[in-house]
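Letter by letter, the chains look like this.
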Amino acid sequence: MTGESYFLAIATPVENQVEWLQRKNPYYILTYPSNLMALLTHCKAHEIRLPRLRRVETISEILHPEVREACREVWGVMIADMYSSQEVGYMALQCPKHEHYHVQSENVLLEILDDNDRPCRPGETGRIVVTAIHNYAMPLIRYVIGDYAVAGEPCDCGRGLPVMTRILGRVRNMLTLPDGGKMWPYFGGDQFAKAAPVRQYQIVQKTLTDLEVRMVPERPLTPAEEDKIRAVIAGQVGTGFKVAFSYHDEIARSK
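Residues numbered from 1 in each chain as written. Predicted model: local features only at pLDDT ≥ 70, side-chain atom pairs only at ≥ 80, totals over all residues. Heavy atoms only, no water.

## Description of the packing of helix α2 (residues 33-46) against helix α3 (residues 65-74)
- The N-to-C vectors of α2 and α3 enclose an angle of 35°; their axes lie 10 Å apart at closest approach. Classified by chirality, the crossing of α3 by α2 is left-handed. The residues of α3 that touch α2, namely those facing Pro-33, Leu-36, Met-37, Leu-40, Cys-43 and Lys-44, are Glu-66, Val-67, Ala-70, Cys-71, Glu-73 and Val-74.
- Looking at the contact of α2 with α3, its residues break down into 9 nonpolar, no polar and 3 charged. (Axes fitted to C-alpha atoms, helices over the stretch in contact; angles between N-to-C directions. Helix = DSSP H or I, 4+ residues; strand = E, 2+ residues; numbered from the N terminus. Left-handed = near helix turned anticlockwise from the far one by under 90°. Contact = heavy atoms within 4.5 Å. Nonpolar A, V, L, I, M, F, W, Y, C, P; charged D, E, K, R; others polar.)

## Some points on the sheet that holds strand β4 (residues 89-94)
- Taken in spatial order, the 9 strands of this open sheet run β1-β2-β3-β4-β5-β9-β8-β7-β6, and their pairing is mixed. In this open sheet, the two strands that pair with only one neighbour each are β1 (28-31) and β6 (108-113). Here the average twist between neighbouring strands, direction ignored, is 40°.
- Bridge analysis of strand β7 (residues 125-132) against strand β8 (residues 143-151) gives 5 bridges, and the strand direction is antiparallel. In the sheet register, Gly-126 faces β8, and the bridge partner there is Ala-149.
- Against the sheet, α3 touches β2 (55-58), β3 (78-85), β4 and β5 (101-103), its axis set at about 140° to β3. (Pairing = 2+ DSSP bridges.)

## Comments concerning the pattern of salt bridges
- By the definition in use, this model includes 12 salt bridges.
- We note a salt bridge from Arg-142 to Glu-111, for which the minimum N-O separation is 2.8 Å. On the criterion of sequence distance, the pair formed by Arg-142 in the loop between β7 and β8 and Glu-111 in strand β6 is long-range, its members being 31 residues apart.
- Judged by relative accessible area, Glu-111 falls into the buried class, the value being 19%.
- For Arg-214, the salt bridge goes to Glu-212, with nearest N and O atoms at 3.2 Å.
- On the basis of relative accessibility, which here comes to 14%, the residue Glu-212 falls in the buried class. (Salt bridge = Lys/Arg side-chain N within 4 Å of Asp/Glu carboxyl O. Buried < 20%, exposed > 50% of the residue type's maximum accessible area, 1.4 Å probe, protein only.)

## Some points on the packing of helix α1 (residues 14-24) against α2
- At a minimum axis separation of 10 Å, α1 and α2 run at an interaxial angle of 80°. Between α1 and α2, the interaxial angle falls into the category roughly perpendicular. Touching Val-14, Glu-15, Gln-17, Val-18 and Leu-21 of α1 are Asn-35, Ala-38, Leu-39, His-42 and Cys-43, all from α2. (Parallel < 35°, antiparallel > 145°, perpendicular 65-115°, else oblique.)

## So, the sheet that holds strand β12 (residues 198-205)
- What the 3 strands build is an open sheet, ordered β12-β13-β14; its pairing is mixed. A strand with exactly one partner marks an edge of an open sheet, and here the two such strands are β12 and β14 (242-247). Averaged over all neighbouring strand pairs, the angle between strand axes comes to 25°, with direction disregarded.
- Relative to β14, strand β13 (residues 210-217) is paired through 6 bridges, and the arrangement is parallel. Within β14, the position partnered with Val-213 by the bridge is Phe-245.
- The sheet contacts of helix α5 (residues 223-237) involve β12, β13 and β14, and relative to β14 the element is tilted by about 130°.

Such coordinate-based values are descriptive only and should not be taken to indicate function.
Here it is, written out as structure tokens:
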């Protein structure tokens, strides 16, 4: 009721998305962080800005710091991130003064628990357990949603709502190490691009010691560039993995 809104399928090719955004010239954009990074990369390469844009909102995926930095650099605006799920709805929204998140306690009871089911203290990482307060059709009581987050200190903004400093993502995205331990590998949005002209990549763990790196390069990579990418991976996960490369024209967005 307060203004026009437009929707475009997320699977639309990036260059077509940018053309569409230029035609619409929006004040606000809501999209996935990975799609946003693709838009920013394209716009930076072609020196494209959106003159009316005031803010970008992100949802559905983990938002990494380099996406925030790229958005400030390329479009000159800030990002407001949101944490939600289809089962529960909005669970936490970014604080207007900071980059951490406030739990929406009017709608959900959100707990961050350690391996012994004890509440995490500020700075500790634990799994998220939620109880939806307003879902009258299907009660979800202490529902283990599958995400991990870092508990935070009280915020100075005056809202008084619980704080999460980081949302780490789903347990299914964890890497299993050869010794049985687990970790979240984080390669950053541009580490691959700095090593070689790679537009998209996806890392798949095949066995305890085998990783497949699927890549969409701008051109065939040299052995030296492949070695640089191996070094990026080893810097995060160690040298106990055998790394194999496969090349693709496109990596489709998964469910």
